[in-house]
Amino acid sequence: MTKAKSVNPLLAVAAALAVAAAACAAWFGWSWYSAAHSGSAAYSRARDTVLQSAEQAVLNFNTLNYHHATEGLQVWLASSTGVLHAQLAQNLRQEVRLVQQKQTITTARILDGAVTQLDTGAGTASVMVALDVTVTPATGSPFVESESEVGQLTRTASGWKLAELGYPSGSAASSPPSSSPGTVTPTPAPSPRRS
Amino acid sequence: MAGLVLAGVGAGLTAAAAQLRGGRAAVNRALTDPAATRQVIAAVSADVSEIYSYSYTGIGATERAAQRVLAGQAAAQYRELTPALQQAVGEQLTVVTRVDQAGVRWLSGGTAQLLVFMDQTATRGHNKGTSVPAQIAVTAQLIAGRWRITSIEAR
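Residues numbered from 1 in each chain as written. Chains lettered and ligands numbered in written order. Predicted model: local features only at pLDDT ≥ 70, side-chain atom pairs only at ≥ 80, totals over all residues. Heavy atoms only, no water.

## A short note on the overall build of chain B
We count it as follows: In this text, helices come from DSSP runs of H or I with a minimum length of four residues, and strands from runs of E with a minimum of two, each type numbered from the N-terminal end. Relative accessibility decides the category of a residue: with a 1.4 Å probe and only protein chains considered, values under 20% of the type maximum give buried, values over 50% give exposed, and everything between is partly exposed. Note on definitions: a residue-residue contact is assigned when non-hydrogen atoms from the two residues lie within 4.5 Å.
A count of helices and strands for chain B gives six helices and five strands. Taken from N to C terminus, the helices and strands of chain B fall in the order α-α-α-β-α-α-α-β-β-β-β. Counting every position in chain B, which comprises 155 residues, the buried fraction comes to 40%. The contacts of chain B with a sequence gap of at least 6 include a subset with a gap of at least 24, amounting to 54%.

## Remarks on the confidence of the model for chain A
All names here are of chain A. The condition that has to hold: pLDDT expresses, on a scale from 0 to 100, how confident the predictor is about each individual residue.
This prediction gives chain A a mean pLDDT of 83; 77% of its residues lie at or above 70. Across chain A, strand S2 (residues 105-119) holds the top mean pLDDT of 98, while helix H1 (residues 9-37) sits lowest at 71. Below pLDDT 50 for its whole length, residues 172-195 participates in 64 contacts with residues either more than four positions away or in separate chains.

## Comments concerning the sheet that holds strand S1 (residues 64-65) of chain A
Hydrogen bonds between backbone atoms are what pair the strands of a sheet, whose relative direction is either parallel or antiparallel. Residues and elements named next belong to chain A. Cut-off, in case you're wondering: When DSSP finds two or more bridges between a pair of strands, those strands are recorded as paired. What counts as an axis is a line fitted to C-alpha atoms, over the stretch in contact for a helix, and the angles between N-to-C directions run from 0 to 180 degrees.
Spatially, the five strands line up as an open sheet ordered S1-S2-S3-S4-S5, and their pairing is antiparallel. Lying at the two open borders of the sheet, with one neighbouring strand each, are S1 and strand S5 (159-166). In the sheet, strand S4 (residues 143-156) pairs with S5 via seven bridges, with the strands oriented antiparallel. Paired with Gly 151 across the strands is Leu 165, a residue of S5. Strands S2, strand S3 (124-136), S4 and S5 of the sheet are contacted by helix H2 (residues 39-61), whose axis makes an angle of about 155° with S2.

## A closer look at the pairing of strand S4 (residues 127-143) of chain B
Residue and element names in this part refer to chain B. Note that strand S3 (residues 111-124) and S4 share 13 bridges and pair antiparallel. Of the residues in S4, the one forming a bridge with Phe 117 is Gln 135. Where S3 folds back on S4, the antiparallel hairpin that results is connected by two residues, among which Gly 125 adopts a positive phi of roughly 60°. In the sheet, S4 pairs with strand S5 (residues 146-154) via eight bridges, with the strands oriented antiparallel.

## As for unusual backbone geometry
Residues and elements named next belong to chain B. Positioned with a positive phi, Leu 31 is a non-glycine residue whose angle comes to about 70°. Residue placement: Leu 31 occurs in the loop between helix H2 (24-27) and helix H3 (34-51). Its relative accessible area of 13% is what places Leu 31 among the buried residues. We note that Ala 144 has phi near 50°; this positive angle belongs to a residue other than glycine.

## Looking at the sheet that holds S5 of chain B
All names here are of chain B. In spatial order, the strands read S1-S2-S3-S4-S5; together these five strands make up an open sheet with antiparallel pairing. Here the strands that pair on one side only, and so sit at the sheet edges, are strand S1 (54-55) and S5. Contacting S1 and S5, helix H4 (residues 59-69) crosses the sheet at an angle of about 110° to S5.

## Topic: the side chain of Ser 79 of chain A
Residue and element names in this part refer to chain A. Under the convention used in this document: Side-chain atoms alone can form a polar contact between residues adjacent in sequence; in general such a contact is a pair of N or O atoms within 3.5 Å, and within protein one must be able to donate a hydrogen while the other accepts it.
Looking at the secondary structure, you find Ser 79 in the loop between helix H3 (69-78) and helix H4 (82-90). Residue Ser 79 is classed as buried on the basis of its relative accessible area of 10%. Within polar-contact distance, the side chain of Ser 79 engages the backbone oxygen of Val 75 at 2.7 Å. Contact partners of Ser 79, with chain neighbours within four places excluded, come to Ala 57, Asn 60, Phe 61, Lys 161 and Leu 162.

## Some thoughts on H3 of chain B
Residue and element names in this part refer to chain B. As a reminder of what qualifies: Take the number of residues in a helix, subtract one, and multiply by 1.5 Å to get its expected span.
Helix length check: H3, at 18 residues, gives a terminal C-alpha distance of 26 Å against a target of 26 Å (1.5 Å per residue), a fit within 8%. Along H3, the residues that are buried comprise Ala 36, Thr 37, Val 40, Val 44, Ser 45, Asp 47, Val 48, Ser 49 and Ile 51. Looking at the buried residues of H3, the elements they touch are H4, helix H5 (72-80), strand S2 (93-108), S3, S4 and S5.

## Description of the packing of H3 of chain A against H4 of chain A
All names here are of chain A. As a reminder, the rule being used: In these notes the angle categories are as follows: under 35 degrees is roughly parallel, over 145 is roughly antiparallel, 65 to 115 is roughly perpendicular, and the rest is oblique. The hand of a helix crossing depends on one turn: near helix anticlockwise from the far one by less than a right angle means left-handed, and clockwise means right-handed. Put simply, Ala, Val, Leu, Ile, Met, Phe, Trp, Tyr, Cys and Pro go in the nonpolar bin, Asp, Glu, Lys and Arg in the charged bin, and everything else, Gly too, in the polar bin.
Relative orientation of the contacting elements H3 and H4 amounts to 155°, with a least axis distance of 9 Å. The pairing of H3 with H4 is recorded here as roughly antiparallel in orientation. By crossing handedness, the relation of H3 to H4 is classed as left-handed. Within the contact between the two elements, H3 uses Leu 73, Trp 76 and Leu 77 and H4 uses His 85, Leu 88 and Ala 89. Of the residues belonging to the contact of H3 with H4, the class tally is five nonpolar, one polar and no charged.

## Some details on the pattern of salt bridges
Stated precisely, the cut-off is as follows: In what follows, salt bridge is the name for a side-chain nitrogen of Lys or Arg lying within 4 Å of a carboxyl oxygen of Asp or Glu.
Scanning all chains against the criterion turns up 12 salt bridges over all chains. The shortest N-O distance in the salt bridge between Glu 55 of chain A and Arg 105 of chain B comes to 3.4 Å. In this pair, Glu 55 of chain A is assigned in helix H2 and Arg 105 of chain B in strand S2, connecting two distinct chains. Judged by its relative accessible area of 31%, Arg 105 of chain B is partly exposed.

Written as structure tokens, this is what we have:
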């Protein structure tokens, strides 16, 4: 009779523990992977990125100092895409001249914002932003205006950018009228519309 | 040894997973839960239009709506507006408020934060005024299955 294979009990326990640990690690790994790659986690992150980008872009579009008009409008260009970007690029010189003539300084403070629509597949989003705009005219004292603005964003290779910016549709200061779809004039920081 | 390393990696990944799931972005159900998002927008928009609309011919209706819709701090704030409503009666003032757009910034555990853009048109006697835009930040809480506005801040 051959001697029965004796198994070192310590080794058996260690092997069992190693298998259990590997199983645990696999489970933890899978749970991490699924959390990181689940549609809803990615979607929530996209929503927060969109809001952050939108608030920064709206802030940029309401900030302009006639001393540095060209640089300021370059920031507008960098914050925009599509029709908004194209229109701005086309009228850049004219805009710079206008700002320099008016000699206004405009600064803004974002108060609140929300994403109202987000299609991560198409790379489009809609946002609404409330802000205070402070305008310092060439003569006279600065004044603050509370603004409601709505925008459309498009995802580009360099992040989410404003494709449209205007006022809410029902607003008296709504711009542009709904009869001219597809063309949205940038909110002109140097020439406030509501007085 | 290998067991320890594996256990360590496992614990690290679990913490990372918990952070991904429980992180601020993930907890916020605004837009990620479209039905709940639509529901709170509809409820708050209807309530805001109602409590910000009043007519000198019947401020009682607005006051009753406020009692039904508001809770907590917002209810106290609204009571402070009672003199303004009385003034409306004296000046034959009618204010119609229409919500133009509302968006949810935060939605989690029965609490929602919304940004509301609205238009207010005031009519004094027979002189219809122009519409004036206004923006408010609203906090709402789900109380006994109903969204009630607990805080309103001008924006």
